[in-house]
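# Per-entry structural report
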Amino acid sequence: MVEADEVAVAAAEAAMAVFAHRLDWWVDALSHARHARPYDPEDAELTALRRRAQALMRAYNATIDGEDRSLLSDLLGTWNGAVIRPPFHVDYGVHIHFGPGCFLNYGCVFLDVAEIRLGARVQVGPMVQVLTADHPRDPQARREMLEFGRPIRIGRNVWIGG
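## With respect to the nonpolar core
Judged by nonpolar contacts, the single largest core of 25 residues is most densely connected at Leu75, Ile84, Phe88, Phe98, Leu104, Phe110 and Leu118. Listed by contribution, the elements that provide at least two residues to this core are helix 3 (44–61), helix 4 (70–75), strand 2 (88–90), strand 3 (96–98), strand 5 (108–111) and strand 6 (116–118). Sorting elements by how many residues they give to this core places helix 3 first, with 4 residues. Excluding anything up to four places from it in sequence, Ile84 contacts Tyr60, Arg69, Leu72, Leu76, Phe98 and Leu104. Counting residues in each nonpolar core, the second largest holds 5 residues, with Tyr39, Leu46, Leu49 and Val113 among its members.

Encoded structure:
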């Protein structure tokens, strides 16, 4: 009887380990992206966030010298009055946080699958790309079509030339 109980306990522990592994993958894709874990970029939640960001970028990028800056407060995680000259391109926007007094020149690309934080008074030249998105180096792993991201933090009073 003891052997049967030990086998049952071992089977239950194995089942719980499988369940815990699956549960980890069931956590929303956005959480995976934020925490440098593999995620599916075609996840419905991420696709909806990208589409929302694309609509806001389309409207903002159609302005002359970014005259409707209210769109930036809708697009970005923290806008803080940053001057951003269009065109400006993001993946989601919600993971981008600007400190006060920031300036981005024309044509910047911020791919924010993970958090991007700029400290106070950061100045960014034209056509600069800040890219948190990454892909597996192993070709076999890339075939699974999963991506991951790593956060980027830029301190205060930094100038990044174009």
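The structure having been displayed, the exposition proceeds.
## Re helix 3
With 18 residues, helix 3 extends 25 Å from end C-alpha to end C-alpha; this agrees with the ideal 26 Å at 1.5 Å per step. Among the residues of helix 3, Leu46, Leu49, Arg50, Ala53, Leu56, Met57 and Tyr60 are the ones counted as buried. Seen along its axis, helix 3 keeps its buried residues to an arc of 130 degrees; they face one direction. Exposed residues on helix 3 whose side chains face more than 90 degrees from its buried face are Ala44, Arg51 and Arg58. One side-chain oxygen at the N-terminal end of helix 3 lies 2.9 Å from the backbone nitrogen of Glu45; it belongs to Asp43.

## With respect to the side chain of Asp112
For Asp112, the location among the structural elements is in the loop between strand 5 and strand 6. Here Asp112 falls in the buried class, since its relative accessible area comes to 0%. Polar contacts involving the side chain of Asp112 include one to the main-chain amide nitrogen of Asp91, which spans 3.1 Å. Excluding residues within four positions of it along the chain, Asp112 makes contact with Val90, Asp91, Tyr92, Gly93, Val94, His95, Ile96 and Thr132.

## Focus: the confidence of the model for the protein
Predicted confidence across the protein gives a mean pLDDT of 85, with 78% of residues reaching 70 or more. Within the model, the stretch residues 17–27 combines pLDDT values under 50 with 8 contacts to residues more than four positions away or in other chains.

## Details of the pattern of salt bridges
When the charged atoms of two side chains lie near each other, side chains of opposite charge can form a pair. Tallied over the full model, the rule gives 4 salt bridges. In this structure, Asp65 and Arg85 form a salt bridge, with 3.7 Å as the shortest nitrogen-oxygen distance. Here Arg85 lies in the loop between strand 1 (83–84) and strand 2 and Asp65 lies in the loop between helix 3 and helix 4, a separation of 20 residues in the sequence. Judged by relative accessible area, Arg85 falls into the partly exposed class, the value being 25%. A salt bridge links Glu115 to Arg153; the nearest nitrogen and oxygen atoms lie 3.0 Å apart. Here Arg153 lies in strand 11 (residues 152–154) and Glu115 lies in the loop between strand 5 and strand 6, a separation of 38 residues in the sequence. Here Arg153 falls in the exposed class, since its relative accessible area comes to 60%.

## A few points about the environment of Gly66
Tracing the backbone shows Gly66 in the loop between helix 3 and helix 4. Overall, the relative accessible area of 0% leaves Gly66 in the buried class. The spacing of Gly66 and Pro87 is 21 residues in sequence and 8.6 Å in space, taken between C-alpha atoms. Once you skip the residues sitting within four places of it in the chain, Gly66 turns out to touch Tyr60 and Pro86.

About the thresholds
Residues numbered from 1 in each chain as written. Predicted model: local features only at pLDDT ≥ 70, side-chain atom pairs only at ≥ 80, totals over all residues. Heavy atoms only, no water. Core = buried A, V, L, I, M, F, W, Y, C linked by side-chain atoms within 4.5 Å. Buried < 20%, exposed > 50% of the residue type's maximum accessible area, 1.4 Å probe, protein only. Helix = DSSP H or I, 4+ residues; strand = E, 2+ residues; numbered from the N terminus. Contact = heavy atoms within 4.5 Å. Expected span 1.5 Å × (residues − 1). Arc of directions from axis to C-beta. Polar contact = N/O pair within 3.5 Å; in protein donor to acceptor, adjacent residues only side chain to side chain. pLDDT = per-residue confidence, 0-100. Salt bridge = Lys/Arg side-chain N within 4 Å of Asp/Glu carboxyl O.

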